[in-house]
Each structure stands twice: as C-alpha cells, then as structure tokens.
Amino acid sequence: MATDTWTTIREQRCFGGVQGTYSHSSAATGTTMRLSVFQPPQLAEGPRPALIYLSGLTCTEENFTTKAGAQRYAAERGLVLVAPDTSPRGDEVADDPAYDLGKGAGFYVDATEQPWAPHYRMYSYIVDELPALLAGRFALRPGALGITGHSMGGHGALVIGLRNPDRFRSISALAPIVAPSQVPWGEKALASYLGGDRAAWRPYDACALVSARARDGAAPLGEILIDQGEGDDFLATQLRPELFAEACAGAGQPLRLRRHPGYDHSYYFIASFIGDHIQHHADALDAIGG
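Not measured: the values here are computed from a predicted model. (Residues numbered from 1 in each chain as written. Predicted model: local features only at pLDDT ≥ 70, side-chain atom pairs only at ≥ 80, totals over all residues. Heavy atoms only, no water.)

Participant: So what about the overall build of the chain? Which residues, and what values?
Facilitator: From N to C terminus, the chain includes nine helices and nine strands. Whereas a compact globule of 290 residues would reach a radius of gyration of roughly 19 Å, the chain reaches 18 Å, a difference of no more than 12%. With the C-alpha coordinates aligned to their principal axes, the bounding extent of the chain is approximately 50 × 40 × 40 Å. Looking at the 290 residues of the chain, the share that counts as buried comes to 58%. Of the contacts formed within the chain by residues at least 6 apart in sequence, a portion of 71% connects residues at least 24 apart. Accessible surface, the chain: about 11,200 Å² in total, of which carbon and sulfur atoms supply 48%. (Helix = DSSP H or I, 4+ residues; strand = E, 2+ residues; numbered from the N terminus. Rg over C-alpha atoms; globule rule 2.2 N^0.38 Å. Buried < 20%, exposed > 50% of the residue type's maximum accessible area, 1.4 Å probe, protein only. Contact = heavy atoms within 4.5 Å. Areas by Shrake-Rupley, 256 points an atom, 1.4 Å probe, with all protein chains shown as cover.)

What follows is the structure in structure tokens.
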C-alpha cells in the first residue's frame, strides 16, 4: 500500500490557523492511517517547525486534538502540531481483547512476531513514513522536527528521539513509560510484539538506550523535559521515572524531570503542562534554519 492517497476528513479554523483531520494509505502498516495536523497562522508566511505528539494506550488521533488545548500555545509560537493514531486499524489487523495490546496499543515498535508483524510497524511509520508524508503536504522547516508524547506515547517519544537525534531535534514526554523492560505494560507488549528474547527489547527501552549511548561514546542530546504527576495511579508500577533519571545521571544526559503533587494520568494533567512542552520544543526548533 503506497502513501499516495490523502483524504481530508475535516478542517476547521482554530486560533487563527487550521485544525485538520486526515487519512492516508500507509506503506509501513499496510493500512489506512489517520492523523490530525494543526497549522498555525504563521504557516501562511513560510515554513515552520513541527512537533509530533504520540498518544497513549486506547487513544486515537482525536484525544490530544480535542482535550489537550495545545493549539493555543502552538499558534502563539508558530508550531505545527501533528498527532497520529496509536496503532494500525482495520478488519484485517490483529487485535486482543485487553486494552494494553493490539489496536490502540501499538507501543511504537516494529513487531516481529505473529500475528502482529504484518501491520504493527509504528516505529517505522513515525520515524520514516510520517515525516516524509508531512514534508510533502505542509510547509515544514527542514530539520526542525521535535517529538513528545504521553504514557505509552511518552515511551515512543523517548525511544524514537534517542534513536534518531538527527531527525528529531527536541524531545519531551508526559508521564512516560521509561523502562518498558521492567514494568508490566511493557513486558507484556514487548514479549508479544518482539518475542521472548529480551535483547530484542533493548532498542525500545529508553533507559537502556540512554546507557548504551553513553557506552558508545555518543555526545549527550539537548535537555529532555519530562513532567510527571505524583497522584498518578500508574506511577509506581508502570512509569517509574526515577529509573530514567538514574540512567540520564549516569550517562551525563541533561534531563529536566518535574514532579507535580496531586496530578494524575489524565488529560487534565496534560492540559496543565502542555504549554511548557510547546515552549520547550519551540525554543529548540526556532534556532534551526530560521
């Protein structure tokens, strides 16, 4: 399936720009994928930086678009916002009755195990196909692309950003799964999608990646921003941000980890701090090719 089919589902005026929802045929997943794109008003004047937001378990492209309130901040900073779906979908796509596996739970990996391998290639979709598709459709500033996400999407943002620093020039996350090899959500997903060999999991584990970069002598990346609510029900069992903080400290990787008393895992938390994440990325990306 080639990426030559682009459908506009809807477009609406928003903070002087345009909020759109689109679909296209994906070569990576072999399915039709949906995504939302917010075009800030500054895009009419010339190419602008872009930020990809990866959503968490059970979400689609719609959750962030309608609940986070990010468009106001993106319009102020002239940042294009892109929110893809979390997994391939369709009658031919494998699924599982549980909420944390299958549709809505792609975990941003390239699956190697059956029945997932034919379609669950969200890593390749986000890293290779989506940026090329966006560059062909919107006036994006070359090289000025950042990545962020929430929960499972925060895991995806950290992994993809750490593995592809030349493509994604700024990284942040909200309540991310930082060590999927050590928590129930990640162990279940990675074993299902990648098999029982834990060595195959390491390229999708942010803590392992930070440590590996240091061992390989790679230079530290720009500061990574993470926000975490201390009232999050998943904090102790699934998220464990202290593990990423320890890995970054050991590797000399700059990290700004902010912990917020009383905030949970919901979009109320995301909406409270998404403005800071927009600023984090805009500050980094405005300096590229501007």
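Next comes the rest of the account.
Participant: Give me the lowdown on the packing of helix α6 (residues 206-215) against helix α8 (residues 241-251), citing residues and values where you can.
Facilitator: Interaxial distance between α6 and α8 falls to 9 Å at its minimum, and their mutual angle equals 5 degrees. As judged from the angle between their axes, α6 and α8 are roughly parallel. Two secondary-structure elements touch here, α6 through Ala206, Cys207, Val210, Ser211 and Ala214 and α8 through Leu243, Phe244, Ala247, Cys248 and Ala251. (Axes fitted to C-alpha atoms, helices over the stretch in contact; angles between N-to-C directions. Parallel < 35°, antiparallel > 145°, perpendicular 65-115°, else oblique.)

Participant: So what about the packing of aromatic side chains? Which residues, and what values?
Facilitator: For any pair of aromatic rings, the description consists of the separation of the ring centres together with the inter-plane angle of the planes. Evaluation of the coordinates by the stated rule reveals 12 aromatic pairs. Look at Tyr263 and Phe273: their rings are 5.0 Å apart centre to centre, the planes differ by 65 degrees, and that puts the pair in the edge-to-face class. Of the two residues, Tyr263 sits in the loop between β9 (255-260) and α9 (267-285) while Phe273 sits in helix α9, which places them 10 residues apart along the sequence. The class for Tyr263 is partly exposed, based on a relative accessible area of 32%. Its relative accessible area of 9% is what places Phe273 among the buried residues. Feature note: the residues Trp6, Tyr22 and Phe138 constitute an aromatic cluster, connected by ring pairs. The ring centre of Tyr204 lies 5.1 Å from the NZ or CZ of Arg163, which sits over that ring. (Phe/Tyr/Trp six-rings, centres within 6.5 Å; stacked < 30°, edge-to-face > 60°. Lys NZ or Arg CZ within 6 Å of the ring centre and 35° of its normal.)

Participant: I'd like a rundown of empty space enclosed by the protein, residues and numbers included.
Facilitator: Evaluated as defined, the whole model comprises two cavities of 30 Å³ or more. Taken as a whole, the largest cavity spans an internal volume of roughly 60 Å³. Around the largest cavity sit Leu162, Val210, Arg213, Ala214, Ala218, Ala219, Pro220, Ala251 and Gln253, which together line it. With three residues, α6 is the largest single contributor of residues to the lining of the largest cavity. (1 Å grid on protein atoms, 1.4 Å probe; cavity = no way out; pocket = protein on both sides within 12 Å on 5 of 7 lines; lining within 4 Å. Points joined across faces, edges and corners; volume = space filled by probe spheres on them.)

Participant: Explain the pairing of strand β1 (residues 6-14) to me, using residue names and the numbers behind them.
Facilitator: Two strands pair when backbone bridges link them, and β1 and strand β2 (residues 17-25) are joined in this way by eight bridges, in the antiparallel orientation. Its bridge partner lying in β2, Cys14 is registered against Gly17. Between β1 and β2, which pair antiparallel one after the other, the connecting turn spans two residues, and Phe15 there sits at a positive phi close to 50 degrees. (Pairing = 2+ DSSP bridges.)

Participant: Quick rundown of the pairing of strand β6 (residues 140-149)? Include the residues and the values.
Facilitator: For β6, a buried count of eight out of 10 residues is recorded, marking the element as mostly surrounded by other parts of the structure. Where strand β4 (residues 48-54) and β6 come together, six bridges link them in parallel fashion. Pairing of Ile52 across the sheet is with Ile147, part of β6. Note: β6 against strand β7 (residues 170-174), two bridges, orientation parallel. The residue bridging Gly146 from the neighbouring strand is Ser170, located in β7. Tracing the backbone out of β6, into helix α4 (residues 152-163) and back to the parallel element β7 gives a crossover that is right-handed. (Right-handed = clockwise from strand over helix to strand, strands pointing away.)

Participant: Explain the nonpolar core residue by residue, including any values.
Facilitator: Nonpolar side chains tend toward joint burial in soluble globular proteins. Core analysis: the biggest nonpolar cluster contains 91 residues, and Tyr193 and Phe244 have the highest contact counts within it. Among the elements that line this core, the one with the most residues is helix α3 (residues 122-137), at eight residues. Residues contacting Tyr193, with those up to four places away along its chain left out, are Leu101, Gly102, Ala105, Gly106, Phe107, Val109, Ala111, Thr112, Glu113, Trp116 and Tyr120. (Core = buried A, V, L, I, M, F, W, Y, C linked by side-chain atoms within 4.5 Å.)

Participant: So, the environment of Leu243: which residues are in play, and what are the values?
Facilitator: Of note, Leu243 is situated in helix α8. Considering only alpha carbons, one finds Leu243 and Gln42, 201 residues apart in sequence, at a separation of 39 Å. Residues contacting Leu243, with those up to four places away along its chain left out, are Val178, Ala179, Gln182 and Cys207.

By themselves, these are just geometric observations and shouldn't be taken as functional.
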